[in-house]
Amino acid sequence: MSEKPVVSGKPAMSAQTAVSVQTAEGRGAVAVVQVTGPGAVDAVDACFLAASGRPLAQQPPGAIRFGRWRDASGEEVVVVRRGSPDPAVEVHCHGGAAAVRAVVRDLVAQGCVQQPARPEHAPPGAAAVTLDAQLALRHALTERAVGVLLDQAEGALERALREIADSLSAGGGVDQLRQLLDRAELGQRLTSPWRVVLAGAPNVGKSSLINALLGYSRAIVFDQPGTTRDVLTAAAAIEGWPVSLSDTAGLRAADDPTEAAGVELARQMLQQADLILDIRDAAQPDAPSAIPADAPATRRLVVWNKQDLAPAPAGSLSTSAATGQGVDDLLAAIARSLVPHPPEPGAALPVTAAHAEQLARALAAAQRGDYAAALQAVQALLAPAGSD
Ligand SMILES: Nc1nc2c(ncn2[C@@H]2O[C@H](COP(=O)(O)OP(=O)(O)OP(=O)(O)O)[C@@H](O)[C@H]2O)c(=O)[nH]1
Ligand SMILES: [Mg+2]
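These numbers come from a predicted model, not from an experiment.

## Side note on the overall build of the protein chain
Each helix and strand counted, the protein chain has 12 helices and 13 strands in total. Each principal axis of the C-alpha atoms in the protein chain carries an extent, and together these give about 80 × 60 × 30 Å. Going through the 388 residues of the protein chain one by one, you find that 48% of them count as buried. A separation threshold of at least 6 residues defines the contact pool for the protein chain, and within that pool the share at least 24 residues apart is 60%. Element-wise, carbon and sulfur atoms account for 52% of the exposed surface of the protein chain, whose accessible area totals about 18700 Å².

## A word on the sheet that holds strand β2 (residues 30–36)
Strand order in the open sheet made by the seven strands is β3-β4-β5-β6-β2-β1-β7, with mixed pairing throughout. Looking at which strands have only one partner, the edges of the open sheet turn out to be β3 (48–50) and β7 (113–114). Two elements, strand β1 (residues 18–21) and β7, share two bridges in a ladder whose sense is parallel. Pairing of valine 19 across the sheet is with glutamine 114, part of β7.

## Side note on the side chain of arginine 81
Its location among the elements puts arginine 81 in strand β5 (residues 76–82). Here arginine 81 is buried and forms no salt bridge, its nearest opposite-charge partner aspartate 45 lying at an N-O distance of 7.1 Å. A polar contact is formed between the side chain of arginine 81 and the backbone oxygen of glutamine 59, at a distance of 2.6 Å. Not counting residues up to four positions away in its chain, the partners in contact with arginine 81 are Val41, Leu56, Ala57, Gln59, Pro60, Pro61, Gly62, Ala63 and Ala88.

## Describing the nonpolar core
Residues Leu245, Leu277 and Ile334 are the most contacted members of the largest nonpolar core, which totals 41 residues. Tallying contributions element by element places helix α10 (residues 327–338) first for this core, with seven residues. Here this core spans two domains, since at least three of its residues come from each of domain 2 (128–183 + 344–382) and domain 3 (195–335). In this view, isoleucine 334 contacts Val196, Ile238, Leu275, Leu277 and Leu301; residues no more than four positions away in its chain are not counted. Formed by 27 residues, the second largest nonpolar core is a distinct cluster that contains Ala356, Leu359, Ala365 and Ala366.

## Considerations on the site of ligand 1
As a structural note, the neighbourhood of ligand 1 is formed by 23 residues, with Lys206, Ser208, Gly226, Thr227 and Thr228 the closest of them. Between ligand 1 and glycine 226, the relevant distance is 2.7 Å, taken from an oxygen atom to a main-chain nitrogen or oxygen of the residue. Between a nitrogen atom of ligand 1 and a side-chain N or O atom of asparagine 305, the distance comes to 3.1 Å. Calculation on ligand 1 without its partners gives an accessible area of 650 Å², and the protein chains cover 87% of this total. With three residues, helix α8 (residues 206–214) is the single largest residue contributor to the shell around ligand 1. Here the residues of the shell around ligand 1 are counted per class, giving eight nonpolar, 11 polar and four charged.

## Regarding helix α12 (residues 371–382)
In an α-helix, one turn spans 3.6 residues, which is why side chains three or four residues apart end up on the same side. Look at α12: 16 Å from first C-alpha to last across 12 residues, which is about the 16 Å you get at 1.5 Å a residue. Ala374, Leu375, Ala377, Val378, Leu381 and Leu382 are the residues of α12 that are buried. Here the buried residues of α12 occupy an arc of 160° about the axis, which is enough to place them on one side. Exposed residues on α12 whose side chains face more than 90 degrees from its buried face are Ala372 and Gln376.

## Digging into the pairing of strand β10 (residues 241–247)
In terms of residue burial, β10 counts as a mostly covered element, since seven of its seven residues are buried. Neither face of β10 is exposed, since Trp241, Val243, Leu245 and Asp247 on one face and Pro242, Ser244 and Ser246 on the opposite face are all buried. For strand β8 (residues 194–200) and β10, the ladder comprises five bridges, and the chain directions are parallel. Each residue of the ladder has a partner; that of valine 197, found in β10, is serine 246. Bridge count between strand β9 (residues 232–238) and β10: seven bridges; the pairing is antiparallel. Looking at β10, one finds that alanine 235 is bridged to serine 244. Here β9 folds back onto β10, and the loop between the two strands holds two residues, one of which, glutamate 239, carries a positive phi near 50°.

## Digging into the domain arrangement of the protein chain
When cut into domains, the protein chain gives domain 1 (18–114), domain 2 (128–183 + 344–382) and domain 3 (195–335). Computed from C-alpha atoms alone, the centre-to-centre distance between domain 2 and domain 3 is 36 Å. Across the contact, five residues belong to domain 2 and five residues belong to domain 3. Together domain 2 and domain 3 conceal approximately 400 Å² of surface at their shared face, both sides included; 71% is due to carbon and sulfur atoms. Linking domain 2 to domain 3 there are zero salt bridges.

## Focus: the UniProt feature "domain: G" (unreviewed entry) in the protein chain
When the UniProt feature table is mapped onto this chain, "domain: G" (unreviewed entry) is found at residues 195–284. Summarising residues 195–284: 28% helix, 30% strand, and an end-to-end C-alpha distance of 28 Å.

## What to know about the coordination of the magnesium ion (ligand 2)
Surrounding the magnesium ion (ligand 2) are the protein donor atoms Ser207 (OG) and Thr228 (OG1), which sit 2.0 to 2.1 Å from the metal. Note that serine 207 is positioned in helix α8 and threonine 228 in the loop between α8 and β9, a separation of 21 residues in sequence. Side by side, serine 207 and threonine 228 carry an identical accessibility label, which is buried.

## A closer look at unusual backbone geometry
Even without a glycine there, the phi angle at glutamate 239 is positive, about 50°. Within the fold, glutamate 239 resides in the loop between β9 and β10. Backbone geometry at lysine 306 places phi at a positive 60°, although glycine is not the residue there. Within the element layout of this structure, lysine 306 appears in the loop between β12 (299–305) and β13 (317–318).

About the thresholds
Residues numbered from 1 in each chain as written. Chains lettered and ligands numbered in written order. Predicted model: local features only at pLDDT ≥ 70, side-chain atom pairs only at ≥ 80, totals over all residues. Heavy atoms only, no water. Helix = DSSP H or I, 4+ residues; strand = E, 2+ residues; numbered from the N terminus. Buried < 20%, exposed > 50% of the residue type's maximum accessible area, 1.4 Å probe, protein only. Contact = heavy atoms within 4.5 Å. Areas by Shrake-Rupley, 256 points an atom, 1.4 Å probe, with all protein chains shown as cover. Pairing = 2+ DSSP bridges. Lys, Arg positive; Asp, Glu negative; His and termini not counted. Salt bridge = Lys/Arg side-chain N within 4 Å of Asp/Glu carboxyl O. Polar contact = N/O pair within 3.5 Å; in protein donor to acceptor, adjacent residues only side chain to side chain. Core = buried A, V, L, I, M, F, W, Y, C linked by side-chain atoms within 4.5 Å. Domains from an automatic or database assignment. Near = heavy atom within 4 Å. Nonpolar A, V, L, I, M, F, W, Y, C, P; charged D, E, K, R; others polar. Expected span 1.5 Å × (residues − 1). Arc of directions from axis to C-beta. Buried area = accessible area lost by both parts, 1.4 Å probe. UniProt positions renumbered as here; feature names shortened; annotations may be inferred. Donors = N, O, S within 2.8 Å, 3.2 Å for Na, K, Ca; no water.

Below is the structure:
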């Protein structure tokens, strides 16, 4: 989750002055960039022209000053001088990504070192993984995701890793590592949703079904095949897990160029899917699956729709988008497919791709009997935040 440090042209100040973006990524009315360390006031003074004309160095701590950023944009900013004994300055600028990047870039050019935002409540000496979880919390997509990330932000992952380190020291730990790695996908999906794609032949009821799953009318439904052309994606929470649901054009060899473009888009969506819902028409039980052979061998659920018109094959997952029958069971099946073993409260899980990679390295080392290398990989995750 950490931002990439910007490389400065100037040598970094000897006692480090750090710049970090305190607000969440994405659009917001205002962003806050914080500068801390001995050179904070000078660095901001080099970039900021107060409306009063008086440099920040001549303002008392606590002063809030309006002015302009000294770059081509001349953007209006508010600067807050904080801190004694430790100097700190906050720059409040427009929330757009470009404005924030420009402010950070200019401060880095003054010798500040860019760092990931450090949450106010990060305990001193907290492991890097705990800080990562606190940062991930800002991007949690659902309340359930918040709950799981909060457990990690309060130390669940850190504690599990310490136990694994103890086991590795005693020549064990493989099963514990494997268990943690099994949850790596879930950890990352708490901040970036699973992609669930509805696909199938034209007219089987994909758009009707996405509307039924979402609980509101998002996609156009029509009784002619070839209705949906573009991919339509909507955010949803299924049993509290963040999911993006995509409706796609009916898969067939289409003559119409617009429809053919839609079918091509649908094929591309299948390549990125975490779960494919292969929608069939219960009234046409002998029709083969329309999912192309080159679709990835990812999770897949066959769903027989229009079960109000004809019985679905015994034991299959079946729905009627028209009456709503089976829709709740389908939601439950999607959740089970994505998260077969929901974590119990307080359970540990890795939250970033970097955690997962490091754990995979540790597991591979432990499996080949190199417990020292495995321990080293785990200890890298346990290093105090900012120590690398
Ligand atoms: N009886 C019945 N009709 C349904 C059901 N689901 C969809 N339909 C009807 O089937 C027709 C096609 O529905 P759509 O949802 O547009 O089908 P689609 O798969 O999105 O079609 P394309 O976008 O053309 O690929 C419409 O007339 C719907 O009202 C169902 O469960 N039962
Ligand atoms: Mg459709």
